[in-house]
Amino acid sequence: AVPGHLEPHAMVDRAGGRRDLIPEPYLAIASTAQPCMLSALAQIKNSRASGLLSRFLFSIPEPMAGDREIETPGVPQELAAGWRTLALRLHRLPRGLLRLTEEAWAVLRAFAEEIEERLRPGRDLRHLADWAGKLQVGQTARIAAVLHCCEHAEPHSARIGAATKRRAIALSRYYIGHAKVAFES
């Protein structure tokens, strides 16, 4: 989530005339869109130059048409209940600072150096410098924070370790491949 307002709080006018104060508003966006919509978004003037598209992580799976099962079983109740419990626990977490272990910092630093090298002229991420620059440290750190919070009932009592940071980097590598497709379509 990123700050959703320039001020430290926001006033929202509700139906019926009520006004609500929202302290420290944050914004998170998840979207499912057809690839042609990504292309249309990229055509909006300054959508890339302003950094808008650099803030998204992309997942563009292969089309399943022609290979789908017509009748599929529902989501098992215990799995749905587990996801609901996790989502509610994450929603109720108090705000706080998450810290990395020294080993996790070293893992992140090595990944950041790798990305930096791939941003050089002639390398595979040069044309994605705006997007990859945000992934390099910030997005990868946020992924690690989410994984850490999912793994620990009290995430503020433990530092984010190297194993969690490696899993975040594995996800970041996945997003690199999909960003290449998104920005080339």
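Cut-off values and rules
- Residues numbered from 1 in each chain as written.
- Predicted model: local features only at pLDDT ≥ 70, side-chain atom pairs only at ≥ 80, totals over all residues.
- Heavy atoms only, no water.
- Helix = DSSP H or I, 4+ residues; strand = E, 2+ residues; numbered from the N terminus.
- Buried < 20%, exposed > 50% of the residue type's maximum accessible area, 1.4 Å probe, protein only.
- Expected span 1.5 Å × (residues − 1).
- Contact = heavy atoms within 4.5 Å.
- Phe/Tyr/Trp six-rings, centres within 6.5 Å; stacked < 30°, edge-to-face > 60°.

1. As for the environment of His91
And step 1. Structurally, the position occupied by His91 is in helix 2 (residues 77-91).
And step 2. Judged by relative accessible area, His91 falls into the exposed class, the value being 68%.
And step 3. Residues His91 and Ser54, spaced 37 residues apart in sequence, show a C-alpha to C-alpha distance of 26 Å.

2. Remarks on helix 5 (residues 162-184)
And step 1. Along its 23 residues, helix 5 runs 33 Å from first to last C-alpha, staying within 8% of the 33 Å computed at 1.5 Å per residue.
And step 2. All of the buried residues in helix 5 are Ala162, Thr164, Lys165, Ala168, Ile169, Ser172, Tyr175, Ile176, His178, Ala179, Ala182 and Phe183.
And step 3. Each element contacted by the buried residues of helix 5 is listed here: helix 1 (35-43), helix 3 (102-118) and helix 4 (129-151).

3. Here we look at the packing of aromatic side chains
And step 1. Tallied over the full model, the rule gives two aromatic pairs.
And step 2. Between Phe58 and Phe183, the aromatic rings sit 5.5 Å apart at their centres with planes inclined by 80°, giving edge-to-face as the arrangement. On the criterion of sequence distance, the pair formed by Phe58 in the loop between helix 1 and helix 2 and Phe183 in helix 5 is long-range, its members being 125 residues apart. Comparing Phe58 with Phe183 shows no difference in burial state: the two are buried.
And step 3. Ring centres 5.3 Å apart and planes at 75° place the aromatic pair Tyr174 and Tyr175 in the edge-to-face group.
And step 4. Owing to a relative accessible area of 19%, Tyr175 belongs among the buried residues under this scheme.

4. Section: the environment of Phe111
And step 1. You can see Phe111 is positioned in helix 3.
And step 2. Between the alpha carbons of Phe111 and Gln136 there is a distance of 7.2 Å; along the sequence they are 25 residues apart.
And step 3. Here Phe111 is in contact with Leu135, Gln136, Thr140, Ile169, Ser172 and Arg173, once residues within four sequence places are set aside.

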